[in-house]
Amino acid sequence: MKFRVFIGQSRWVQLFLVLVLTAILAGCKSEGYKPNMTGAMGELLVVMDDRWRNGPEGEAIQAMLRQPMEGLPQAEPIFNLSITPHRAFSGSMRTFRNLIITRIDDEIENEGVRFFSESNWAKGQALAQINARTPEKFLELLDKEELRLISFFLRAERQRSLDYYKQYANAQLINSVQSQWNMRMTIPTTFTSNRSSETFSWMSDETPTTSQGLFIYSFDYIGEGTLSREYLLNKRDSVLRANVPGPSQGSFMSTEHTIPITYKRLKVNEHEAVELRGLWKVVGDLMGGPFVMFAHHDKANNRVVVTDGYVFMPEKPAKRNLVWQVESLFYSVEFPTLDEAVNN
């Protein structure tokens, strides 16, 4: 009888140990778990108390984040902005994709702006903190860090798009581009080839209401002037006239030169590049929209390779996100290294 009692107790002990171990493992899993981020592309949440939101501090941060994006036919803000006070910042709000948390308090120890590409609240979340002891210091930080703040969240959106496209890549088009242009570039499965020749590639993603297109062409690098605004635009217009006909007889795609075209130098995967951003039009027809173009300097082959993206969506003014999506593909462009080029 005592022996049976001992057996029963040992079973209870075993069951207890199993339950404890399960609870420990579940706790470890929950500690490492992060939900998916919330919010749509281009949306940004600012956490700021009403005291500051309704004053110059709130006006300044809204003006910064809602300024118009360059190169669009209709005015669209860089970000779609929402503001919430600290007292309401909880639950799903903490998982917002783009998040700025502001604190203005004379007890703050470390003033400044901090950036976090990863957070404990959500996967893929981009988080910035702005800490200041006084309203004056807060405005000073905004003015000083405006470019870094905007660039940080734009880069986060671009990387999310590119990461998504890499998961759903069009292997056939990627191999075709690599074979023809001797470069690596991500192209989504939604893109199909429209028209190609030995000197020009055209592919696009077509839906009943939108068109996102991509051109690739190249020319010799003959000196620093090859990457000038004038040279690149002249090349663009001549190439598009020869290769992109419009819907009516004799019409063709070109650049809208009456609207300012932005020019910026940057680095993409260790090579120099130039970004042009503006509007395209069809000469001889009523079509147009935004374009973004990267001229990539391939030093190993002494050439410039252009990736030129356009958006056509005449029925709706909201084109910002479509431009961002095409633009993100340009950041995947990679050329063979000098050693690879020599070996090949």
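Residues numbered from 1 in each chain as written. Predicted model: local features only at pLDDT ≥ 70, side-chain atom pairs only at ≥ 80, totals over all residues. Heavy atoms only, no water.

Engineer: Teacher, can you tell me more about helix 7 (residues 320–330) here?
Structural biologist: Across the 11 residues of helix 7, 10 count as buried, placing the element largely inside the fold. All of the buried residues along helix 7 are Arg-320, Leu-322, Val-323, Trp-324, Gln-325, Val-326, Glu-327, Ser-328, Leu-329 and Phe-330. (Buried < 20%, exposed > 50% of the residue type's maximum accessible area, 1.4 Å probe, protein only. Helix = DSSP H or I, 4+ residues; strand = E, 2+ residues; numbered from the N terminus.)

Engineer: Please explain the packing of helix 3 (residues 56–65) against helix 4 (residues 135–167) as it appears in this structure.
Structural biologist: The description of two helices packed together rests on the angle between their axes and the distance between the axes. Relative to each other, helix 3 and helix 4 sit at 5°, their axes nearing to 10 Å. Taken as axis vectors, helix 3 and helix 4 run roughly parallel relative to one another. Seen from helix 3, the contacting residues are Pro-56, Glu-57, Ala-60, Ile-61 and Met-64; seen from helix 4, they are Pro-135, Phe-138, Leu-139, Leu-142, Glu-146, Leu-149 and Ile-150. Of the residues contributing to the contact of helix 3 with helix 4, the split by class is 10 nonpolar, no polar and two charged. (Axes fitted to C-alpha atoms, helices over the stretch in contact; angles between N-to-C directions. Parallel < 35°, antiparallel > 145°, perpendicular 65-115°, else oblique. Contact = heavy atoms within 4.5 Å. Nonpolar A, V, L, I, M, F, W, Y, C, P; charged D, E, K, R; others polar.)

Engineer: Mind showing me how you'd approach the pattern of salt bridges here?
Structural biologist: A side chain of one charge can pair with a side chain of the opposite charge when the charged atoms of the two come close. Evaluated as defined, the whole model comprises 14 salt bridges. Close ionic contact of Arg-160 with Glu-157 constitutes a salt bridge, the shortest N to O distance being 3.3 Å. Highlighted residues: Arg-160 and Glu-157, both in helix 4, separated by three residues, approximately one helical turn. Of the two residues examined, Arg-160 and Glu-157, each falls in the buried class. A salt bridge links Arg-265 to Glu-224; the nearest nitrogen and oxygen atoms lie 2.5 Å apart. Here Glu-224 lies in the loop between strand 8 (211–220) and helix 6 (229–243) and Arg-265 lies in strand 10 (residues 262–268), a separation of 41 residues in the sequence. With relative accessibility at 41%, the residue Arg-265 sits in the partly exposed group. The network of salt bridges with common partners includes Lys-264, Glu-275, Arg-277 and Glu-327. (Salt bridge = Lys/Arg side-chain N within 4 Å of Asp/Glu carboxyl O.)

Engineer: I keep staring at the sheet that holds strand 2 (residues 80–84) and nothing clicks. Help me out?
Structural biologist: Sheet strands line up and pair through hydrogen bonds in the backbone, either parallel or antiparallel. Strand order in the open sheet made by the five strands is 2-1-3-5-4, with mixed pairing throughout. The sheet is open, and its two borders are formed by strand 2 and strand 4 (112–116), each paired with just one other strand. If you compare each strand with its neighbour and ignore which way they point, the axes differ by 15° on average. The pairing of strand 3 (residues 98–104) with strand 5 (residues 126–132) spans seven bridges and is classified as parallel. When the sheet's bridge partners are listed, Arg-103 is paired in strand 5 with Asn-131. (Pairing = 2+ DSSP bridges.)

Engineer: Honestly, the environment of Ala-128 in this entry has me stumped. Any pointers?
Structural biologist: Summarising the element assignment, Ala-128 is placed in strand 5. Each C-alpha atom, one on Ala-128 and one on Arg-114, is 5.6 Å from the other, the two residues being 14 residues apart in sequence. Among residues more than four places away in sequence, those in contact with Ala-128 are Leu-99, Ile-100, Ile-101, Arg-114, Phe-115, Leu-149 and Phe-153.

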